[in-house]
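Working through the structure, step by step
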Protein chains: 2
Amino acid sequence: MAEVLPLRRTPAGVPVASCTLAHESKQIEAGLSRDVSVELQAVAVGDLAAVLAVAAPGCAIRATGFMAARSMRSRSPVLHLNTIEFLEGN
Amino acid sequence: MAEVLPLRRTPAGVPVASCTLAHESKQIEAGLSRDVSVELQAVAVGDLAAVLAVAAPGCAIRATGFMAARSMRSRSPVLHLNTIEFLEGN
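Read on for an overview of the structure. If you're wondering where the values come from, they're calculated on a predicted model, not measured in any experiment.

**Examining the interface of chain B and chain A**
On the side of chain A, 20 residues touch chain B, which itself brings 20 residues to the contact. Taken together, both faces of the contact between chain B and chain A bury some 1,800 Å²; the carbon and sulfur share is 58%. It is E29(B), F66(B) and R75(B) that lose the most area in chain B upon contact with chain A, and together they represent 28% of the buried surface on that side. For the pair chain B and chain A, the interface holds zero salt bridges. For the interface between chain B and chain A, the tally reads eight residue pairs in polar contact (both at pLDDT 80 or more). Broken down by secondary-structure element, the contributors of at least two residues to the side of chain B that touches chain A are β3 (15–29), β4 (32–45), β5 (60–69) and β6 (77–88) of chain B. If you tally residues by element for the side of chain B that touches chain A, the top one is β4(B), at seven residues. Here the residues of the side of chain B that touches chain A are counted per class, giving eleven nonpolar, five polar and four charged.

Here it is in structure tokens:
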């Protein structure tokens, strides 16, 4: 969890929380092990938003979800979280 | 497969192919079904690069891989492909 933004609400009143997730691991590519790092913008909607909004920056999580374009205007991918499991440091 | 770029080689001679993948589906978020669309930049390295480079734009694929930052300078996420399965239209 690199950064967590405060809880906000959509015009319809649905809670939304945003964060930046930073991931590091080793992955296999073309038969060779390589170091991987990636940062993803992520959001949680509804009940999960309150969980995300109080997460401490620097805490480790395991998450599942799906990728979607940010908006009609910005097609950059955002990870929509379906589950968040806190691993340590929170 | 929205766009496929020609095969190139790294300075070390490793073949690399790049493409843009467009995805559409329905996903569940906060208990509600929603339409999702997303575009991801993707690359294939090594033997898989030659497979990707000859894919027809518009063809449907199922792919697996991992996300990694494009480079040290650009932290935008890129999907590194480990498997490509052609489904139709290729």
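Moving on, there is more to tell.
**Considering the state of the cysteines**
Structurally, a disulfide amounts to a covalent bond that connects the sulfur atoms of two cysteines. Residues and elements named next belong to chain A. As enumerated under the stated definition, the model contains zero disulfides over all chains in all. Of all cysteine sulfurs in the structure, the one in C19 sits closest to C59, which takes part in no disulfide; the separation is 8.9 Å. For C59, a relative accessible area of 1% translates into the label buried.

**A closer look at the relation of the copies chain B and chain A**
Each copy of the chain is related to the other by a rotation around an axis and a translation along that axis. Take chain B, turn it by 180 degrees, move it 0.0 Å along the axis, and it overlays chain A with an RMSD of 0.0 Å. The superposition operator between the copies reduces to a two-fold rotation axis. Here 100% of the interface residues in chain B have copies in chain A that are interface residues too; the copies meet face to matching face.

**Here's the deal with the pairing of strand β4 (residues 32–45) of chain A**
Residues and elements named next belong to chain A. Here 14 bridges tie strand β3 (residues 15–29) to β4, and the two strands are oriented antiparallel to one another. Bridged to A17 within β4 is A44. Here β3 folds back onto β4 in antiparallel fashion, the turn holding two residues, of which A30 has a positive phi close to 50 degrees. Of the pairings in the sheet, the one linking β4 to strand β6 (residues 77–88) comprises two bridges and is parallel in character. Each residue of the ladder has a partner; that of V43, found in β6, is H80.

**Digging into the nonpolar core**
Membership of the largest hydrophobic core comes to 38 residues, with the highest contact counts inside it found for M1(A), L81(A), M1(B) and L81(B). Setting aside chain neighbours within four positions, we find M1(A) in contact with C19(A), T20(A), L21(A), L52(A), A55(A), A56(A), P57(A), G58(A), C59(A) and I61(A).

**Things to note about unusual backbone geometry**
One non-glycine residue, A30(A), adopts positive backbone phi at about 50 degrees. Positionally, A30(A) belongs in the loop between β3 and β4.

**A look at the side chain of S18(A)**
By the element assignment, S18(A) lies in strand β3. Apart from the residues within four sequence positions on either side, S18(A) is in contact with E3(A), V4(A), L5(A), R8(A), A42(A), V43(A) and L52(A).

**Considering the pairing of β6(B)**
Here β5(B) runs beside β6(B); their pairing, made up of ten bridges, is antiparallel. For I61(B), the partnering residue across the bridge sits in β6(B) and is F86(B).

Analysis parameters
Residues numbered from 1 in each chain as written. Chains lettered and ligands numbered in written order. Predicted model: local features only at pLDDT ≥ 70, side-chain atom pairs only at ≥ 80, totals over all residues. Heavy atoms only, no water. Contact = heavy atoms within 4.5 Å. Buried area = accessible area lost by both parts, 1.4 Å probe. Salt bridge = Lys/Arg side-chain N within 4 Å of Asp/Glu carboxyl O. Polar contact = N/O pair within 3.5 Å; in protein donor to acceptor, adjacent residues only side chain to side chain. Helix = DSSP H or I, 4+ residues; strand = E, 2+ residues; numbered from the N terminus. Nonpolar A, V, L, I, M, F, W, Y, C, P; charged D, E, K, R; others polar. Disulfide = S-S within 2.5 Å. Buried < 20%, exposed > 50% of the residue type's maximum accessible area, 1.4 Å probe, protein only. Least-squares fit on C-alpha atoms with pLDDT ≥ 70 in both. Pairing = 2+ DSSP bridges. Core = buried A, V, L, I, M, F, W, Y, C linked by side-chain atoms within 4.5 Å.

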